Structure formats: C-alpha cells, structure tokens
Amino acid sequence: MLAAANEQVCLRTRRHGAVLARPLARALALGALGIFALTLPWWPATALAALVLAAGAVIAFRHVWRWERTELVVTTEKLFVVHGTVRRRAAAVRLRSIDSLELEQGLLGQLLGYGTLVAGPLEVSHVARPRQVFHLVERLCG
C-alpha cells in the first residue's frame with residue numbers, strides 16, 4: 001500500500017454505511033417504478049420497466065462498489081483516503097503537518113455514529129466512529 005517500511009498501520013476502515021442511504025433510496029425508487037411499469041398492460045412498458053430496473057441495479061452496484069473500494073487509513077506517519085479499483089488513488093496528509101484537526105457531526109451523524117473529519121487540507125466525510133478516529137489522529141499528531 002502507501003505505508004513506508006518504517007510506518008505502522010494504526011487503523012484501516014471503510015466510510016460509514018450511511019453514505020449509501022441516498023443512492024440506495026434512488027435505486028429502490030427506480031426498482032419500484034420498474035415493477036409498477038411491469039404491471040401495465042401496454043407492451044412498450046415492459047421494455048421501459050426493464051431499462052428502469054437495470055438503471056436502479058447499476059446505481060446500487062456502482063455506489064456499493066465505490067463504498068467497498070474506499071478506505072480510510074491512519075498510520076504512524078500519515079492519514080490518507082484510498083479509493084478506486086482499476087486506478088487506485090490516494091489523498092494523504094502527513095500527521096506532523098496537521099495544524100488543525102476538526103470533527104463535524106450533525107444530529108443524524110451523532111445518532112448513527114458518523115461524522116466529517118477535517119485534518120488540515122484533507123476532509124473525509126462519513127467517517128465511522130469519528131470520535132475514536134479523531135482521538136487517534138490527535139494522539140499521533142502530538
């Protein structure tokens with residue numbers, strides 16, 4: 001991965017599953033619309049239903065795949081986010097260069113256990129167990 005030989009990985013996690021709520025709701029709505037279109041007696045509605053159901057499936061698959069292939073990694077030297085499948089990309093910040101560390105949590109984030117971590121120029125949304133990650137990064141920075 002991106003960790004150097006002298007670095008230890010302290011945390012490797014995915015973003016919170018709440019990041020999937022909107023895309024899966026859209027996919028579900030398209031699925032319901034497709035099923036409704038299947039019940040119509042008009043023959044072109046069947047073709048339209050197939051297209052709508054396929055679009056819902058593609059939306060769901062694409063977002064779940066992206067969520068699955070995105071990782072938040074904290075090492076003894078860096079905090080970074082790695083994403084992508086064919087072309088893996090990473091955004092990183094060295095812990096010693098972080099001058100400000102922020103944790104943002106709305107009411108829903110507090111209830112469900114996710115938040116946005118801002119570490120210098122790097123902003124990571126939907127971080128699972130954000131307080132634990134915040135305290136880990138804070139401890140490693142100091």
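Residues numbered from 1 in each chain as written. Predicted model: local features only at pLDDT ≥ 70, side-chain atom pairs only at ≥ 80, totals over all residues. Heavy atoms only, no water.

Visitor: Is there a simple way to explain the overall build of the protein in this structure?
Guide: Looking only at helices and strands, one finds four helices and seven strands in the protein. The linear arrangement of helices and strands in the protein, starting from the amino end, is β-α-α-β-β-β-β-α-β-β-α. Taking 14 Å as the expected radius of gyration for a compact globule of 142 residues, we find that the protein reaches 20 Å, considerably beyond that expectation. Each principal axis of the C-alpha distribution contributes one length, and for the protein these read about 70 × 35 × 20 Å. In the protein, buried positions account for 34% of the 142 residues. For the protein, the proportion of contacts with a sequence separation of at least 24, taken over those separated by at least 6, is 52%. Approximately 9,000 Å² of the protein is accessible, and the part contributed by carbon and sulfur atoms is 61%. Taking the average place of the 17 positive charges on the side chains of the protein and the average place of its 9 negative ones, the gap between the two points comes to 10 Å. (Helix = DSSP H or I, 4+ residues; strand = E, 2+ residues; numbered from the N terminus. Rg over C-alpha atoms; globule rule 2.2 N^0.38 Å. Buried < 20%, exposed > 50% of the residue type's maximum accessible area, 1.4 Å probe, protein only. Contact = heavy atoms within 4.5 Å. Areas by Shrake-Rupley, 256 points an atom, 1.4 Å probe, with all protein chains shown as cover. Lys, Arg positive; Asp, Glu negative; His and termini not counted. Charge placed at Lys NZ, Arg CZ, Asp CG, Glu CD.)

Visitor: Help me out: how do you make sense of a positive patch on the surface in this one?
Guide: Taken together, the side chains of Arg-22, Arg-26, Arg-62 and Arg-66 make up a positively charged region of the molecular surface. For the positive patch, the secondary-structure elements that each account for two or more residues are α1 (21-38) and α2 (43-68). Mapping Arg-22 onto the fold places it in helix α1. With relative accessibility at 67%, the residue Arg-22 sits in the exposed group. (Patch = residues over 30% accessible without salt bridge, like charges linked within 9 Å, V, L, I, M, F, W, Y side chains within 5 Å. Salt bridge = Lys/Arg side-chain N within 4 Å of Asp/Glu carboxyl O.)

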